[in-house]
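A look at the structure
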Amino acid sequence: MWSLLAKVARYLPAEAAHRVAVAALHYNLGPPPTQRDSKVDLGVRLAGLEFANPLGLAAGFDKNATCFNGAMDLGFAHVEVGTITPKPQPGNPKPRVFRLPEENAVINRLGFNSQGMEVVVENLCATARKRAGILGVNVGANKTSNDPIDDYRRAVAMLAPYADYITLNISSPNTPGLRSLQTNRHLADLLMAALAGCREAGFEPACRSTELRRKPIFLKIAPELHHDDLATIVESCIEAGVSGIIATNTTISRPIGLNGVHAGESGGLSGLPLFAASTAILAEVASLNQNRLGLIGVGGVSAGWQAYAKILVGADLVQLYTGLALEGPYLPKRILDELAVMLDTDGATRLDQIKGQIVDSTAAIKHAVGLYQGLSK
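Residues numbered from 1 in each chain as written. Predicted model: local features only at pLDDT ≥ 70, side-chain atom pairs only at ≥ 80, totals over all residues. Heavy atoms only, no water.

We now examine the overall build of the protein chain. In terms of helices and strands, the protein chain carries 12 helices and 15 strands. Relative to the 2.2 N^0.38 estimate, which gives 21 Å for 377 residues, the radius of gyration of the protein chain is 19 Å and therefore close to what a compact globule would have. Put simply, the protein chain has 377 residues, and 57% of those count as buried. Here the analysis covers contacts within the protein chain between residues at least 6 apart in sequence; of these, 73% occur between residues at least 24 apart. Entry remark: accessible area of the protein chain is about 16,100 Å², with carbon and sulfur atoms responsible for 52%. Charge separation in the protein chain, taken as the distance between the mean sites of 35 positive and 34 negative side-chain charges, equals 5 Å. (Helix = DSSP H or I, 4+ residues; strand = E, 2+ residues; numbered from the N terminus. Rg over C-alpha atoms; globule rule 2.2 N^0.38 Å. Buried < 20%, exposed > 50% of the residue type's maximum accessible area, 1.4 Å probe, protein only. Contact = heavy atoms within 4.5 Å. Areas by Shrake-Rupley, 256 points an atom, 1.4 Å probe, with all protein chains shown as cover. Lys, Arg positive; Asp, Glu negative; His and termini not counted. Charge placed at Lys NZ, Arg CZ, Asp CG, Glu CD.)

Along the chain, the position of Asp 151 falls in helix 5 (residues 148-159). At 2.9 Å, the side chain of Asp 151 forms a polar contact with the backbone nitrogen of Asn 142. If near-sequence neighbours (up to four positions away) are discounted, Asp 151 is found in contact with Pro 86, Gly 140, Ala 141, Asn 142 and Ser 145. (Polar contact = N/O pair within 3.5 Å; in protein donor to acceptor, adjacent residues only side chain to side chain.)

Here we take up the environment of Gly 314. As for its position among the elements, Gly 314 is in the loop between helix 9 (304-313) and strand 15 (317-320). Filtering out sequence-adjacent residues up to four positions away, Gly 314 remains in contact with Ala 286, Leu 295, Lys 355 and Gly 356.

This paragraph deals with the sheet that holds strand 6 (residues 105-108). The 3 strands are arranged 5-6-13 in an open sheet whose pairing can be described as antiparallel. Each of the sheet's edge strands pairs with one partner strand only, and the pair in question is strand 5 (97-100) and strand 13 (268-271). Averaged over neighbouring strand pairs, the angle between their axes works out to 20° when direction is ignored. (Pairing = 2+ DSSP bridges. Axes fitted to C-alpha atoms, helices over the stretch in contact; angles between N-to-C directions.)

Right under this line is the structure:
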């Protein structure tokens, strides 16, 4: 069934193909889950949560929490739903998603199309008992909000009881003014508002509380940030009691030589062209962080070596989205199998033995590519 749907989806516009994939996973039409047989332990403990493996589905795929159980069956140990806004909003005009198959990339300017937090709560309540993995809920501000910072408080307050962790998305390039919340001028107020929402829901930040009712909060950042910005973000997160940073969102930059009929479209670029830049930002955050915050690496992951490189520079977990959209439902299992073999080849049995061992992103990528090439011989 999935193979047939995949063939049909290739001939559909990108956003329509995405709807087909979401519907297929909602109705559990994906390939049956398979068990890995390996002596390597891919488990991760982060912010008091136990992840069966480091691989997660990034926000943007399951925007309204309708198919995360099906996604977990593909092999993802965690799924991050959203971005969810307090009020429903349609997002930007269509067309707003564009494939760049020659580049293994996608450009989107969706603009937080969301059914709103009340509908999402209904969806989460309806499927909560079936959940097998860790669920993250990614929240953002409405485009027309008079008080974007308070939108985060409201969304966190309503959605925190249904999530294993909350992500504050202040890095999408498709909502005007959103990325300004990453600056020193607004960041402290944003984090205070989000933590206030967490407390309204009866929780405390995971890294600050010894009580049972803890809720990890993560901050998702952009790939265009400079060193001083990153340093401010890291220290602000630590001071506020945030559990970790997700690096990175899509990029508004366009690498030289980007080809394809849609290469000039505006919006956030994701996929392979983002990999090196997002990994470099991740490495810089890891250097500034010094293991004081959890780190999730995102951007351009569609193979085991790419996930391995992000862990080498300091990621606890790795997420993907565009890779799944372009390569299909067998990708998570393939990445996990490759990770296990590369870990074994490096003489390790656990991910924490290689995490952060190569601080330079270029060197980490070179090492991961070398391992991967050795597997294919």
